[in-house]
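# Residue-level structural notes
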Amino acid sequence: MRRMTTTRQRLLLLTACSVASGMVFSTRVWAQTAVSADAGATSDTYAIHIAKVKKLYKELLLKEKNVAAAVSEISPKQIEAEGTQAGSIQSLLKQTPSVNEYQQNAGQGVPVLTIRGARYSQLAETLDGTIPLQDILSGAQGGFLNNNIGSPVTLGQIGSSTVYPGVAPPNKQGFATVGGTIAYETKKPTADPYMELFAGYGSFNTSHAGFEINTGDIGTPGPNAPRVLLRYGESYTSGFPDNNSIRSGEMLFSALKPYNDGLSHLSAVVIYNRADGYLVTAPLPVPLINANSYSYNFPRSLTYTRQDNTYLTAYVGDETYINPHLIVSGKLFYQNSTSDFTSYQNPSTIAFNPNFPYQVTFQVPYFAYGDLGPGSVYQVPGYFSYNPTATFGNYLAGESAEYNTGGTKEVGFTPTANFFYPHNNITIGGLFVKETSTSGASFVYGSDPMPQIIGYNSIAFGGGSQRTVSQVYLQDRIDLLNNKLHIEPGVNITGVYSSTYVPFSGPHSSATDPNGQYKLQNFGKQADPYLGISYDLPDDFIAYASYGKGARYAPLSDYSLGIAGSSTQAPKPEVVHLYEAGIRYDTPRLYLNADIFYQKITSAFSFYTNYQTGFSSYANTGGYQYRGYEASGKFRVTPDVQVFGNFSYNEANYLDSYYALVTPFQGQFGYVFRGEPLSSVPDFLGNFGVQYDHGPYSARLSGQYTGQQFITFDFSPQLPATPLIAPPNPNSTLALATTTYYPTAQGNLAQSLAGLPNIQHFKLPAYLLMNLLLSYDMPIHGYRIHNLKFTLNIKNLLGLHYYQHYFLAPAEIPQNGGFALTPTYASAYVGPPRAFYFDVSAKF
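In this report, we go over the structure that sits alongside the text. (Residues numbered from 1 in each chain as written. Predicted model: local features only at pLDDT ≥ 70, side-chain atom pairs only at ≥ 80, totals over all residues. Heavy atoms only, no water.)

What follows deals with the packing of aromatic side chains. Per the counting criterion, the structure on display carries 29 aromatic pairs. Between the aromatic rings of Y102 and Y829, the centroid separation amounts to 6.4 Å while the plane-to-plane angle is 40 degrees, which identifies the pairing as tilted. With Y102 in strand β2 (residues 99-103) and Y829 in strand β37 (residues 826-830), this residue pair connects regions lying 727 residues apart in the sequence. Each member of the pair, Y102 as well as Y829, is classed as buried. When the centroid spacing of 6.5 Å and the interplanar angle of 25 degrees are considered together, the rings of Y403 and F443 count as stacked. With Y403 in strand β17 (residues 401-420) and F443 in strand β18 (residues 424-445), this pair connects stretches of sequence that are 40 residues apart. An aromatic cluster is present here, built from F384, Y386, F392, Y445 and Y456 joined pairwise through their rings. The ring of F597 is capped by R116, whose NZ or CZ atom sits 4.1 Å from the centre of that ring. (Phe/Tyr/Trp six-rings, centres within 6.5 Å; stacked < 30°, edge-to-face > 60°. Helix = DSSP H or I, 4+ residues; strand = E, 2+ residues; numbered from the N terminus. Buried < 20%, exposed > 50% of the residue type's maximum accessible area, 1.4 Å probe, protein only. Lys NZ or Arg CZ within 6 Å of the ring centre and 35° of its normal.)

One ladder, built from 19 bridges, connects strand β16 (residues 326-345) with β17; its direction is antiparallel. Following the sheet pairing, F341 is matched in β17 by N404. As paired strands, β17 and β18 are joined by 17 bridges and run antiparallel to one another. In the strand pairing of β18, N404 is matched with S442. Two successive antiparallel strands, β17 and β18, enclose a turn made up of 3 residues. (Pairing = 2+ DSSP bridges.)

Counting 42 residues, the largest nonpolar core has F298, F665, Y803 and Y806 as its most contacted members. Of all the elements in the fold, those that place two or more residues in this core are α6 (286-291), β33 (762-764), β34 (767-779), β36 (803-808), β37 and β38 (835-843). Counting residues per element, this core draws most heavily on β37, at 4 residues. Not counting chain neighbours up to four residues away, the residues in contact with F298 comprise N243, L284, P285, L288, T303, F356, Q359 and V360. Counting 36 residues, the second largest nonpolar core, distinct from the first, contains L93, I271, Y315 and L431. (Core = buried A, V, L, I, M, F, W, Y, C linked by side-chain atoms within 4.5 Å. Contact = heavy atoms within 4.5 Å.)

The next thing to look at is unusual backbone geometry. Following F240, the chain continues into P241 via a peptide bond in cis, with omega recorded as 0 degrees. Inspection of the secondary structure puts P241 in the loop between β11 (227-237) and β12 (246-259). Here D448 and P449 are connected by a cis peptide whose omega angle stands at 5 degrees. One can find P449 in the loop between β18 and β19 (458-461). The backbone of D261 sits at a positive phi, close to 55 degrees, despite the residue not being glycine. Here D261 lies in the loop between β12 and β13 (264-278).

The next point concerns the sheet that holds strand β6 (residues 131-132). Taken in spatial order, the 5 strands of this open sheet run β1-β7-β8-β5-β6, and their pairing is mixed. A single partner strand is all that each edge strand has here, and the edge strands are β1 (72-74) and β6. The pairing of strand β5 (residues 124-127) with β6 spans 2 bridges and is antiparallel. Along β6, the bridge assignment pairs L127 with I131.

Picture the strands of a sheet paired through backbone hydrogen bonds; they go either parallel or antiparallel. Here we have 3 strands laid out as an open sheet, ordered β14-β37-β36, and antiparallel in their pairing. Bordering the open sheet on either side are β14 (284-285) and β36, each of which pairs with just one other strand.

A cluster of nonpolar side chains, contributed by V316, L332, Y334, V411, F413, F432, V472 and I493, occupies part of the molecular surface with about 670 Å² of accessible area. Looking at the nonpolar patch, the elements with two or more residues in it are β16 and β17. Relative to the elements of secondary structure, I493 occurs in strand β21 (residues 485-502). Judged by relative accessible area, which is 44%, I493 ranks as partly exposed. (Patch = residues over 30% accessible without salt bridge, like charges linked within 9 Å, V, L, I, M, F, W, Y side chains within 5 Å. Areas by Shrake-Rupley, 256 points an atom, 1.4 Å probe, with all protein chains shown as cover. Salt bridge = Lys/Arg side-chain N within 4 Å of Asp/Glu carboxyl O.)

Here it is, written out as structure tokens:
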């Protein structure tokens, strides 16, 4: 048989190889379209080649069904249903099993995300297959209260997303995760040119406008023609709750240049996003919400926190077809983010004022550091000499504002080689990246704006942190027993060098080193294995199971000189062991999946801080586990109607007793006990709905169920004589569900020894949100407009009032010198009320 030589045939072969190399979740429809385009060929030889390629497609697409893991793909229709005005790239993920997410605002505003209970900072994120999207130094989009507004990529810039809960195969895993991987794919230019103008307006005075231009094939059409996509948009929202406005902008540039008759291609992507606005750093007092309004927030005359963030991501890539057995590729990337942070609190609202018993923020310095004036350990001549009492009359007024500036830079390379053999496909790849924090500064004063003078009111400046990652992975897929048994062994080998330099530190100053400067560094290495097995059962059923090990490296904020005489070595990585098994049924009309999972975290990070002396100690003394089950399904009832749904159950418990961050937002810390449940992990999560598409009309009705979740119960060692928490007011807008008491022997023994009452467990009520999306695609004949599309997106259709996050009392068990408050009330984030978003777009 002659070698395939036509352009179309070679393109088909490349597509088949792409499917085999792992890009299977986006190729099913494309592959069928590509093959059908050549259905009219008359050459006998050509027809034989097409038949052979079709057979190869069938074999490779079957591998999409027998992936040995619980994987969820998010389609463009789901992205549209989330809405670029209302949602974020994190809220989008809640449409998949075991994902919980809440946020303060419309759009990309302060998301709090968990997957099977694992927190956002414990997850990996990738962009276009291999580029790490999360912050290498700290995880997520940065450390606590960093880069909470805006994002490196937005809903309008992605074409699809895939969620790998637990531990993904090494070639999909990304860097440093103990909870799962989120893979985002950016929009790509297509061969057909178009221009689209879009705009919208909605609740909370939310608006956006922009354009998207796709050049199509530039020059002579054909497989080697370059093409470019450019998208730009601006948006604004007054925000929810009140006084939470955000203004943002987004830009995506994507270029593709095929060569070698389309079998290979060069690519370039530039993403620049910015956002500035306000956020709430502490849950709001429930008594004030009940007394004022559902959208209540403290007025800015009392307190505010503002961020101004920018995100730049750029890469150039190449994928080269060598022969039918080998494809090599690589991406060289650069990322840069900056963040300015301003926080202010009126001194009259200090929590120790009996006339104002509410805590309004976690983030002004005097809460933790006390008087920074003469005699403070933070006074270092030439570095910090500010006297708040002399300047503003008392230290509370003199430390009522804080300004921080900083950022990170990252450069890296991700090479990959795919080998194709008759009975196995091998992938060898790597990640080589270095991230450095840019030299920033922190200033303290009694007003905003403030002077920013190094050596005067600069409580910190200079120094910085850096992390260098060298990671290689090997992934194989072996097909045995007439392609019924599929084995996927793999390993991820990682070496990480981390360091931080502090040029001055008052708590560590001495006669020999008055500046107290220090540098901490270490090198860690991990070999994390993975094994997945799937078997094709009769009647389109597939059974699968997998084991994976993953590791997360300590945030650079944990590289802090400890108490006198303690080790200065940073914590070692925390580790997850995943065990998963399931069964899947996959046909063009019906898809079903069910699985069980167990994830155990060992060597979890723990810390202890004395803010008044400035000393901290970090260690790996923690552990916890997640175990549960998941199910999902889709059924096409008719060509126009599809129903869908998923649900999950999760039980999460601590395996050790230790100091820990006790909520996913990481704004609360305290002491946890072995056997106690993790807070803010819903027991049940679920999605269901129906999609209708007929001609220009489309409708989607969906529901999201969030089950009960344990909440934190904070108290002071000096217990008041009166009850800690008053019963919920039955006449209030919101009332907490009946509390549940679950004693555990070890936890209550510790409480008894400390002279405290038994631990009581309180649960946040479950809630169900209904959403509705309606759209009409109106064809236009003339004026060079192809169509006008009108979309109405209604979030929280039933207008439910509910709590997203809730805890009893304003502070945790105090560590020495910090947060010693008497709890008397509850604080919460409420969920957004019913909201309407209207969009219109014109395509030319």
